[in-house]
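Close look at the chain arrangement
Residues per chain, in single letters:
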Amino acid sequence: MHHFTYRQNQLFCEELPVAAIAAQHGTPLYLYSRRTYRENFQRIDQAFAPWPHQICFALKANSNPQILRDFAELGCGADVVSVGELQLALQAGIPPQRIVFAGVGKRDDEIIAGIEAGIRGFNVESEAELAVINELAGRRKKIAPVSLRLNPDIDIHGHPYISTGRAADKFGIELNRAHALFAEIRDSRHVRMVGLHAHLGSQITDLWPFPKIGEVLANLAQAARAAGNHLDYIDVGGGLGAIYERAMKIAADTEPAPDLALPPAEIANTLLPALTRDLPKDCTVIFEPGRALVAGCGILITQVLYTKITRGKFFAVVDAGMTDLIRPSLYNAYHQIVPVIQRPGEWQSGDVVGPICESGDFLAKDRELPPMQRGDLLAVMTAGAYGFSLSSNYNARPRPAEVIVDGATMLLSRPRQKLETLWAT
Ligand SMILES: Cc1ncc(COP(=O)(O)O)c(C=O)c1O
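Residues numbered from 1 in each chain as written. Predicted model: local features only at pLDDT ≥ 70, side-chain atom pairs only at ≥ 80, totals over all residues. Heavy atoms only, no water.

As a further point, take the overall build of the protein chain. From N to C terminus, the protein chain includes 11 helices and 21 strands. Projected onto the principal axes, the alpha-carbon positions of the protein chain cover approximately 70 × 50 × 45 Å. Buried residues in the protein chain amount to 56% of all 425 residues. Excluding contacts between residues fewer than 6 apart, the proportion of contacts in the protein chain whose partners are at least 24 apart in sequence is 72%. Approximately 17,200 Å² of the protein chain is accessible, and the part contributed by carbon and sulfur atoms is 52%. (Helix = DSSP H or I, 4+ residues; strand = E, 2+ residues; numbered from the N terminus. Buried < 20%, exposed > 50% of the residue type's maximum accessible area, 1.4 Å probe, protein only. Contact = heavy atoms within 4.5 Å. Areas by Shrake-Rupley, 256 points an atom, 1.4 Å probe, with all protein chains shown as cover.)

Next comes the structure, spelled out in structure tokens:
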């Protein structure tokens, strides 16, 4: 459930009116509901309770330090893909034993940082990377924990840019190389096999991929163990989708509305039996959602700068654009856009566009839009994942502020980037 509701035509985040928060902190502004992301974590964590498990938040979705600290306190781990994310996770208080390190192009300094930190495992994406980890660990007289990220060639039929488990994708190791590598790792001096990993892609809205990947990983686990490897974990990746369309029913949503595309309990109920049929209980199941934990907890507030009609088409020009939320431009992703204060009047079809000098800079195209005028505030829904974390300084625009609401209190978690920092070296 997300905790954005309408009360007498005004959008609220938990107990606070969004308009008042925007008046205090300006726009564009990312606003997060703490209750939403905490409840999402608890729901997913509880769903996996039948088996020893670890939820590892994929930091790439949102690495706001306060959100990370909250997840750390709740017992969440981290899926990191860079030394920067590793540092953020550690600084937030996530213990190294709850951190797994993925990424198709880990640099030597990143591998060394992971070894020195004592992370739970590197999710290794190629044979070449495995050799480098072995060599770097050897030079330090250490043994690095490695898990193989396998490419199962499963197509989730999502957007091609966020599908990662098909044979043609750059991620992971071919299944038919797995058996040879199980033996190679067993016989290597400076790597120790700790697990298996797969990640099919993002925004999964059907159940079937979860038991399917469970089945593939269960067979591989059997082979890895038969080859003499002990498995500390099996990491099934992330991918659980969020609700983007009809995230809110305009005017009608006075109660919290669902924000996950599938109930976590159904995922666990179909995945775990397939995955764990022959597993010993000391093998932890890792699930690494990013989007599902934070997408619905966040909205991007933007102000209408101008409205205009060009050749019969209505445009709302707003102060947020692709630099703040690139998903519509990058993936043609849909985000519902709702008024922060509803005004009476006719709806009309049109585009919501940003101020960036690119025609690809839009937040919505050919959308039924509520009545609006200069100065009105709009909320771009379901913006908590891959929103701020994908923001940029293009057109020399400072990154937006981030505010977290907790009940009736708010915290300015990250101030708007100062203009001076754009030319600081
Ligand atoms: C290895 C890995 N794990 C987890 C995730 C998180 O995916 P999602 O945000 O869809 O849950 C990603 C996303 O790219 C990923 O690459």
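A word on the nonpolar core. Within the largest apolar cluster, 103 residues are counted, with the highest numbers of intra-cluster contacts made by Phe-48, Phe-122, Phe-182 and Val-294. In terms of residue count, the dominant contributor to this core is helix α8 (residues 209–226) (seven residues). Looking at which domains feed residues into this core, each of domain 1 (4–12 + 22–27 + 296–422) and domain 2 (34–290) supplies at least three. Counting residues in hydrophobic clusters, the runner-up holds 23 residues, among them Cys-13, Ala-19, Val-340 and Val-405. (Core = buried A, V, L, I, M, F, W, Y, C linked by side-chain atoms within 4.5 Å. Domains from an automatic or database assignment.)

Quick look at the environment of Arg-140 now. Examined against the element boundaries, Arg-140 turns out to sit in the loop between α6 (127–139) and β9 (144–151). Accessibility expressed as a relative area gives 30% for Arg-140, which makes it partly exposed. When the C-alpha atoms of Arg-140 and Glu-266 are compared, they prove to be 44 Å apart, with 126 residues separating the residues in sequence. Aside from chain neighbours lying at most four places away, what touches Arg-140 is Ile-112 and Glu-116.

The three strands lie next to each other as β1-β2-β3, forming an open sheet whose pairing is antiparallel. The sheet is open, and its two edges are formed by β1 (4–7) and β3 (16–17), each paired on a single side. As judged from the four bridges shared by β1 and strand β2 (residues 10–13), these two strands associate in the antiparallel manner. The residue of β2 that forms the bridge with Thr-5 is Phe-12. (Pairing = 2+ DSSP bridges.)

In the region of the ligand, 14 residues are neighbours, and Ser-202, Gly-239, Glu-288, Arg-291 and Tyr-386 sit closest. Interatomic distance of 2.8 Å between a backbone N/O atom of Gly-239 and an oxygen atom of the ligand. Glu-288 places a polar side-chain atom, nitrogen or oxygen, 2.7 Å from a nitrogen atom of the ligand. Protein chains shield 92% of the accessible area of the ligand, which is 400 Å² for the free molecule. (Near = heavy atom within 4 Å. Polar contact = N/O pair within 3.5 Å; in protein donor to acceptor, adjacent residues only side chain to side chain.)

For the rest of this paragraph, the subject is the domain arrangement of the protein chain. Buried accessible area, meaning the area lost when the parts come together, often serves as the stated size of an interface. Entries for the protein chain in the domain assignment read domain 1 (4–12 + 22–27 + 296–422) and domain 2 (34–290). Between domain 1 and domain 2, the C-alpha centre-to-centre distance is 31 Å. The interface of domain 1 with domain 2 comprises 30 residues on the first partner and 30 residues on the second. Between domain 1 and domain 2 lies a buried interface of about 2,600 Å² when both sides are counted; carbon and sulfur atoms form 60% of it. Summed over the three residues of domain 1 that lose the most area to domain 2, namely Tyr-6, Tyr-331 and Tyr-386, the buried surface amounts to 20% of that side. Counting the contacts that link domain 1 with domain 2 gives one salt bridge. (Buried area = accessible area lost by both parts, 1.4 Å probe. Salt bridge = Lys/Arg side-chain N within 4 Å of Asp/Glu carboxyl O.)

Their axes nearest at 9 Å, the elements helix α7 (residues 178–187) and α8 cross at an angle of 35°. Regarding α7 and α8, the two cross each other, and that crossing is right-handed. Here Ala-178, His-179 and Phe-182 of α7 come into contact with α8, specifically with Leu-220, Ala-223 and Ala-224. (Axes fitted to C-alpha atoms, helices over the stretch in contact; angles between N-to-C directions. Left-handed = near helix turned anticlockwise from the far one by under 90°.)

A word on the packing of aromatic side chains. Throughout the structure, instances matching the rule amount to eight aromatic pairs. Measuring from centroid to centroid gives 6.2 Å for Tyr-30 and Tyr-32, while their planes differ by 15°, and the two rings are stacked. The class of Tyr-32 is buried, set by a relative accessible area of 0%. A centroid spacing of 5.5 Å and a plane angle of 70° characterise the contact between Tyr-37 and Phe-71, whose relative ring orientation is edge-to-face. You can see Tyr-37 sitting in helix α2 (residues 34–47) and its partner Phe-71 sitting in helix α3 (residues 65–74), a full 34 residues away along the chain. What makes Tyr-37 buried here is its relative accessible area of 0%. Judged by relative accessible area, Phe-71 falls into the buried class, the value being 0%. By the ring-pair criterion, three or more aromatic residues cluster together here, those being Tyr-37, Phe-41, Phe-57 and Phe-71. The ring of Phe-362 carries Lys-365 above its face, with NZ or CZ at 5.0 Å from the centroid. Between the NZ or CZ atom of Arg-367 and the centre of the ring of Tyr-334, over which it lies, the distance is 3.8 Å. (Phe/Tyr/Trp six-rings, centres within 6.5 Å; stacked < 30°, edge-to-face > 60°. Lys NZ or Arg CZ within 6 Å of the ring centre and 35° of its normal.)

The next subject is the state of the cysteines. Applying the stated criterion across every chain yields a total of zero disulfides. The closest cysteine sulfur to the non-disulfide-bonded Cys-13 is located on Cys-297, 8.7 Å from its own sulfur. (Disulfide = S-S within 2.5 Å.)

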